[in-house]
Every structure is written in structure tokens, then in C-alpha cells.
Amino acid sequence: MTDSIRLKNSYFEGIVAPGPNGQVRLAPAFQSLLDKNIFPGEFKPRYWLGRVFDKIIQEANAYQKIKGKLIREHTKKYDKDEGAHKKGDPIFLENGVPDWIDAKKFAAEFTELQEIEVDLGIRPIEFDAEKGPDAVGKEMILLIPLLEEPGEKK
């Protein structure tokens, strides 16, 4: 069995949504997993999922903070106060895309950030591939890196 769940930062992109105070939360598609009985039989890993999701949120917030800093670093800034924008605020185009100073340099550094792997410090859960988990689509995308089939070595 694998010692601990390891995820690349890119994993966080699709599973979190903006939350209050600049923090992130699990995207709505995944919040319901804690309320479902997605594993067959008596095994109900709500505590395990809760721990994993809590750690994912912690790591996703750290990732989002670095990502935001990277975006601000590579985005043109207002050189004076303009309406709701203060001097030094990043400039975003009408479509919401940052007005890049050097888009290629940002893309290279962002790709590097996404490839960083974090260790959640929580062991993956073994499951019987024949019986479960009872999840499909986006839910399964979230779960796959957190699970391990019996005998599987990552």
C-alpha cells in the first residue's frame, strides 16, 4: 500500500471554487461526497473523506496564494488610481484575462507550479474494484488519486 496520497498542484484547479475572504472550498460537485454512501457495504469513510478534503482545502489555499502572487507578478499594473482601481492593482482585460507583461514567462512558471507534488500525509483507501466506489463523472475524477486498488503499488 502507498504510504501517503501525493497530488500535483494541477489537481486543485478543477476541484475547488472561490470561497469567502479569498479562500477556496470544494466545488459544489464534490461537496455532496461527504453525504453519500459511495462505498458498498458497511464501510462509510466519511471521517477519512473529511480529513482528506480538509487537507486538500489547506493545500489548495496554499497553491491559490502562490498562483495569485504569480499572476500579480506577471500582470501589468495601474500606474495611478483610476475609478475603483488603485495604483498598483493588476490590470485585467474586458474578458477577465490578465494584461500580461510576458505571457510566455508566466505560462512557464505556472506550468512549473502545477507540476509540484504535495504529500497529504494521509494514506489512500483500498477498495474492491468490482464493488465500488459508487461515483461517476467529476466525483470519480476527484476520488481516483485518493484510492488504491488492493495489491496496487503507486
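These remarks concern the structure in this document. Only a predicted model underlies this, so the values are computations on that prediction, with no experimental measurement involved.

Rules used in this analysis
- Residues numbered from 1 in each chain as written.
- Predicted model: local features only at pLDDT ≥ 70, side-chain atom pairs only at ≥ 80, totals over all residues.
- Heavy atoms only, no water.
- Helix = DSSP H or I, 4+ residues; strand = E, 2+ residues; numbered from the N terminus.
- Expected span 1.5 Å × (residues − 1).
- Buried < 20%, exposed > 50% of the residue type's maximum accessible area, 1.4 Å probe, protein only.
- Arc of directions from axis to C-beta.
- Contact = heavy atoms within 4.5 Å.
- Axes fitted to C-alpha atoms, helices over the stretch in contact; angles between N-to-C directions.
- Parallel < 35°, antiparallel > 145°, perpendicular 65-115°, else oblique.
- Phe/Tyr/Trp six-rings, centres within 6.5 Å; stacked < 30°, edge-to-face > 60°.

1. A word on helix α4 (residues 103-115)
Thinking step 1. The end-to-end C-alpha distance of α4, which contains 13 residues, comes to 18 Å, matching closely the 18 Å that a straight helix rising 1.5 Å per residue would cover.
Thinking step 2. F106, F110, L113 and Q114 are the residues of α4 that are buried. For α4, the angular spread of buried residues about the axis comes to 95 degrees, placing them on one side. Facing away from the buried side of α4 by over 90 degrees, the exposed positions are K104 and E112.
Thinking step 3. If you follow the buried residues of α4, they end up packed against β1 (6-8), α1 (10-13) and α3 (46-73).

2. Here's the deal with the packing of α3 against α4
Between two packed helices, the angle of one axis relative to the other and the distance separating the axes together describe the packing.
Thinking step 1. One way to put it is that α3 packs onto α4 with a least axis distance of 10 Å and a crossing angle of 170 degrees. On the basis of their axis angle, the class for α3 and α4 is roughly antiparallel. Facing Y63, I66, K67, L70, I71 and E73 of α3, the residues of α4 in contact are F106, E109, F110, L113 and Q114.

3. As for the packing of aromatic side chains
The geometry of an aromatic ring pair is captured by the separation of the ring centres together with the interplanar angle, meaning the angle of the planes.
Thinking step 1. One pass over the full model with this rule turns up 4 aromatic pairs.
Thinking step 2. For the ring pair Y11 and F12, a centre distance of 6.0 Å and an interplane angle of 75 degrees mean the geometry is edge-to-face. The same class applies to Y11 as to F12, namely buried.
Thinking step 3. Ring plane angle 45 degrees and centroid distance 6.1 Å describe the contact between F12 and Y63, whose orientation is recorded as tilted. Taken as a pair, F12 in helix α1 and Y63 in helix α3 lie far apart in primary sequence, 51 residues in all. Both residues of the pair, F12 and Y63, count as buried.

In short, geometric facts, not functional conclusions.
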